[in-house]
Amino acid sequence: MGKGMTVIVKTIARLIAGFIFLYGLYIVLHGHLTPGGGFAGGVIIAGSFILLILAFGAQEMGEKMLYRFTAVFESLGALSFLLLALLGLIAGFYFFLNLFPKGTPLHLISSGIILPANIAIGVKVGAGLLAVFLALAATKFLMEE
Amino acid sequence: MLELYLLILAMLASALVAVETKDLLASAISMGLVGFAVAIMFVLVQAPDLAIVQIVVEILSVIFFAAVIFRTTHFDTTVGKGIDREVVFPAVSFFIFGTLFFILSLYALNDLPRFGEPIMKVANTYIREGLERTGAANVVAAIILDYRGYDTLGEATVLFTAVLGVLVVLRKVGRR
Amino acid sequence: MVLFLACILLFLIGLYAIVTKRNLIKIAIGFCMMEYAVNLLFAFIGFKKDALAPIIIRVSQERNFVDPIPQALVLTSIVIGLATTALLLSLVIRLYERYKTFDIKEIRKLRG
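Residues numbered from 1 in each chain as written. Chains lettered and ligands numbered in written order. Predicted model: local features only at pLDDT ≥ 70, side-chain atom pairs only at ≥ 80, totals over all residues.

## Remarks on the overall build of chain A
And then number 1: In terms of helices and strands, chain A carries 5 helices and 0 strands.
And then number 2: Relative to its full complement of 145 residues, chain A shows a buried share of 41%.
And then number 3: Within chain A, contacts between residues separated by at least 24 positions form 68% of all contacts whose residues are at least 6 apart in sequence. (Helix = DSSP H or I, 4+ residues; strand = E, 2+ residues; numbered from the N terminus. Buried ≥ 20, exposed ≤ 12 C-beta atoms within 10 Å, placed from the backbone. Contact = placed C-beta atoms within 7 Å.)

Here it is in structure tokens:
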């Protein structure tokens, strides 16, 4: 699992990974207009990174750097979701009050607190699943050392 | 409706293959076929949100299974051939329990509303007032993030705990 | 009705894999199959004949939708199922490292 794959797989992975990341970002941002939302988009974003790691080998991608990177992003996502929920409590009424302006329907910037909450959940789920994949598939075994 | 029945047949057949076959990699791939059939059935029941999540989650689950099987480099199952004596008692008791469960579930499922005619008391309120009270055009997203946002907070906590558990169990221990 | 019973049948196949099989990977596959069966049952309960998916396209359209509440409940359950499977697989890896086998009969015999 440490070494990469053949040249054909590496070239195609390099071309496609950017498009997969863009697609995942589109599904997260339009979660209140089309089917999808934070969970589906987060898993797709993790999938684009997993494609790169599988094609190029874990040693070349620098697994230690990725471990710290994913831990920071996952905690950021969870804390910002909690902060958005507490904003309603601080502003006076109750937990999870939808207090951003609601705008015109069927536009991108509408529906109050749902858009930032989708982004927070997308970051959290993506970073968490990337960390799980690194631990399961890319670190060295105790008995192989 | 015919597509639903054919897909259910394909799903049950590949589930039996996944459980009974000797090669571990083949059973991981059959598991993938079960997940794909479930995703297509979500589309046919008019639930596109669930279909997107189910396909990506199932692809990742097959990748995890294949990663474990390749790392431990065991191609075939280590269970011996023939019927050994220790499996007779669990198998017989499972068949008795399974038949009883199936027959009792026939009575229990009769109490649910019939397939195709759900009672939608609360859902009608959400559908009618969802757009002007929350501003979201996707009714499912409005439910999970505005009407029932507390459940989403609980789910985020469970996901965080599970990821933490995996990272703790698979830590590279510094023994020396 | 037949569709509900098919979900229960998939659930029972998963339970059979957990109870009867001796290989740890087959037990993990059984857990995964039980989760798929329960999610499918929820999605079937919310179906309404000749209705559309619950997405509003134009503001003043006629809204004849399927039930959106079971879909909201299943959406988070699918992702939690993936995390639980990953946790189970990490325990399987640790057991393999310690005892060098996937067979639960051997693992029960060797006591550390």
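Here the narrative resumes, following the displayed structure.
## Focus on the overall build of chain B
And then number 1: When helices and strands are counted, chain B shows 7 helices and 0 strands.
And then number 2: Starting at the N terminus and ending at the C terminus, chain B contains elements arranged as α-α-α-α-α-α-α.
And then number 3: Against the globule reference of 16 Å for 176 residues, chain B gives a C-alpha radius of gyration of 22 Å, more extended than a compact globule.
And then number 4: With respect to the three principal axes, the spread of C-alpha positions in chain B is 65 × 55 × 30 Å. (Rg over C-alpha atoms; globule rule 2.2 N^0.38 Å.)

## A word on the interface of chain A and chain B
And then number 1: Counting residues at the interface gives 41 residues for chain A and 33 residues for chain B.
And then number 2: Residue assignment for the side of chain A that touches chain B shows that the elements contributing at least two residues are helix H2 (38–56), helix H4 (63–90) and helix H5 (114–138) of chain A.
And then number 3: Ranked by the residues each element gives to the side of chain A that touches chain B, the list is headed by H5(A), at 12 residues.
And then number 4: Residues of the side of chain A that touches chain B, tallied by class, amount to 25 nonpolar, 13 polar and 3 charged. (Nonpolar A, V, L, I, M, F, W, Y, C, P; charged D, E, K, R; others polar.)

## A word on the nonpolar core
The tendency in soluble globular proteins is for nonpolar side chains to be buried as a group.
And then number 1: Ranked by internal contacts, the top residues of the largest apolar core, which has 118 residues, are A:Val43, B:Val53, C:Leu10 and C:Met33.
And then number 2: The leading source of residues in this core is H5(A), at 18 residues.
And then number 3: Setting aside residues no more than four positions away along its own chain, C:Met33 makes contact with B:Ala15, B:Val34, C:Leu10, C:Ile13, C:Gly14 and C:Ala17. (Core = buried A, V, L, I, M, F, W, Y, C linked by C-beta atoms within 7 Å.)

## Regarding the interface of chain B and chain C
And then number 1: Each partner contributes to the interface: chain B provides 72 residues, whereas chain C provides 66 residues.
And then number 2: Looking at the side of chain B that touches chain C, the element that brings in the most residues is helix H3 (residues 48–72) of chain B, giving 12 residues.
And then number 3: Among the residues forming the side of chain B that touches chain C, the class breakdown is 53 nonpolar, 15 polar and 4 charged.

## A closer look at the UniProt feature "domain: MrpA C-terminal/MbhD" (unreviewed entry) in chain B
And then number 1: Under the feature "domain: MrpA C-terminal/MbhD" (unreviewed entry), the UniProt entry names residues 10–72 of chain B.
And then number 2: The span residues 10–72 of chain B shows a helical share of 90% and a strand share of 0%, and its end C-alpha atoms are spaced 30 Å apart. (UniProt positions renumbered as here; feature names shortened; annotations may be inferred.)

## Topic: helix H6 (residues 139–147) of chain B
And then number 1: Within H6(B), 9 of the 9 residues are buried, which leaves the element mostly enclosed by the surrounding structure.
And then number 2: Restricting attention to buried positions, one finds in H6(B) the residues B:Val139, B:Val140, B:Ala141, B:Ala142, B:Ile143, B:Ile144, B:Leu145, B:Asp146 and B:Tyr147.
And then number 3: For H6(B), the secondary structure elements touched by its buried residues are H5 of chain A, H3, helix H5 (121–134) and helix H7 (149–169) of chain B together with helix H3 (68–99) of chain C.

## Overview of the UniProt feature "transmembrane region" (unreviewed entry) in chain A
Residue and element names in this part refer to chain A.
And then number 1: Here, the residues flagged by UniProt with the feature "transmembrane region" (unreviewed entry) are residues 12–33, 39–58, 70–97 and 117–138.
And then number 2: Its end C-alpha atoms 26 Å apart, residues 39–58 is made of 95% helix and 0% strand.
And then number 3: Split by type, residues 117–138 is 100% helix and 0% strand. Its first and last C-alpha atoms lie 31 Å apart.

## Considerations on the packing of helix H4 (residues 88–109) of chain B against helix H1 (residues 2–20) of chain C
And then number 1: Two elements in contact, H4(B) and H1(C), have axes separated by 11 Å at closest approach and are oriented at 160°. Taken together, the axes of H4(B) and H1(C) are roughly antiparallel relative to one another. For the crossing formed where H4(B) meets H1(C), the hand is right-handed. Here B:Pro90, B:Ala91, B:Phe94, B:Gly98, B:Phe101, B:Phe102, B:Ser105 and B:Leu109 of H4(B) lie close against H1(C), whose contacting residues are C:Phe4, C:Ile8, C:Leu12, C:Tyr16, C:Val19 and C:Thr20.
And then number 2: Residue composition of the contact of H4(B) with H1(C), by class: 11 nonpolar, 3 polar and no charged. (Axes fitted to C-alpha atoms, helices over the stretch in contact; angles between N-to-C directions. Parallel < 35°, antiparallel > 145°, perpendicular 65-115°, else oblique. Left-handed = near helix turned anticlockwise from the far one by under 90°.)

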